[in-house]
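# A structural walkthrough
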Amino acid sequence: MDGVLYHGDSPIADAFSFIESISDIPHCFITNNPIKLPEQVVEKMTSMGFAAPVIEQIITSGEATALWLNQQNPNFRYFAIGAEGLHKSLQKYGNEDVENADYVVFGEGAGIDYESLSIAINLIIKKQARLISTNPDNTVDATRSGQHWVLPGGGALVAPIVVATGVTPITIGKPFPLLYEMAFNRMKLEAHNCLMIGDRPDTDIQGAADIGMRTALVRTGRFLSGEIYPDNLHQPDIDANSLSELLKNIELE
Ligand SMILES: [Mg+2]
């Protein structure tokens, strides 16, 4: 979503007309960002001027984490470090338990501190809690005082726990398959019938290609016009400088 439809709170110029053009085609919005709840994402899009999506069209890595844990273990016990949206998603399905959590859940965003890190480490080492990470991004792009600003991503924030415990997290967000699969389920479609549109070669495009989707890179976010595409990553089927350029390259039927 960020880098494709908007930058922070500013919509990308041709995103409105693009969304309008695909209004008759099933689509979902999937984001590695766990900070906002799906209903808050709907509000954000509406306040920017997008036609309001249906809440089921929004899949955040925080909501997906909670849904997945619920599938693994209904009424799961968790200890979470992350932003409010992640905590609220987890509260819907599981029970917070600082003493005996089955899962330590790490989410991108504010919330990490020395005390929570030490609780997490002890739950993993002493109580065999499993380590879950909402998303693997090392950094994320943001805006501060109108300027580009880099924030630590989910991958960077979970790193202290990985170092301290030697445990590899189960990661929910792109490029791992879960967010895409939730979208297919909601649309009742299969991977080969779907096109992934994203701005990041390493997550959006690589993950989608790995599970058999067609892929379209738009160079409006992480990866800009003129940059050389990394040759160790899956090349996108369509490589466009903008959503309107992408629209010229796809058959909307
Ligand atoms: Mg993006």
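Described in the following lines is the structure provided in the data block.

## Structural notes on unusual backbone geometry
Looking along the chain, the bond that leaves Lys174 and enters Pro175 is cis, with omega of 10°. Within the secondary structure, Pro175 sits in the loop between β11 (170–171) and α7 (178–187). Of note, the phi angle at Ser145 is positive, near 50°, even though the residue is not glycine. Note that Ser145 resides in the loop between β9 (139–144) and β10 (147–152). We note that Lys188 has phi near 55°; this positive angle belongs to a residue other than glycine.

## Some thoughts on the sheet that holds strand β6 (residues 95–96)
Pairing is parallel across the open sheet formed by 5 strands, whose spatial order is β6-β5-β7-β8-β11. Both outer strands of the open sheet, β6 and β11, are each paired with one neighbouring strand and no more. One ladder, built from 4 bridges, connects strand β7 (residues 103–106) with strand β8 (residues 130–133); its direction is parallel. Considered in β8, the bridge of Val104 is made with Leu131. Across the sheet, helix α4 (residues 84–93) lies against β5 (77–81) and β7, angled at about 175° from β5, the strand it touches most. Those strands touched by helix α5 (residues 114–127) are β5, β7 and β8, and its axis lies near 145° from that of β5.

## Structural notes on the environment of Lys126
Turning to its location among the elements, Lys126 is positioned in helix α5. C-alpha separation for the pair Lys126 and Asn100, spaced 26 residues apart in sequence, amounts to 9.9 Å.

## Things to note about the sheet that holds strand β14 (residues 238–240)
Strand order in this open sheet of 3 strands is β12-β13-β14, and the pairing throughout is parallel. Edge strands, defined here as strands with exactly one partner in the open sheet, are β12 (195–198) and β14. Between one strand axis and the next, the sheet turns through 15° on average, direction left out of account. Bridge count between β12 and strand β13 (residues 214–218): 4 bridges; the pairing is parallel. Bridged to Gly198 within β13 is Leu217.

Criteria and cut-off values
Residues numbered from 1 in each chain as written. Predicted model: local features only at pLDDT ≥ 70, side-chain atom pairs only at ≥ 80, totals over all residues. Helix = DSSP H or I, 4+ residues; strand = E, 2+ residues; numbered from the N terminus. Pairing = 2+ DSSP bridges. Contact = placed C-beta atoms within 7 Å. Axes fitted to C-alpha atoms, helices over the stretch in contact; angles between N-to-C directions.

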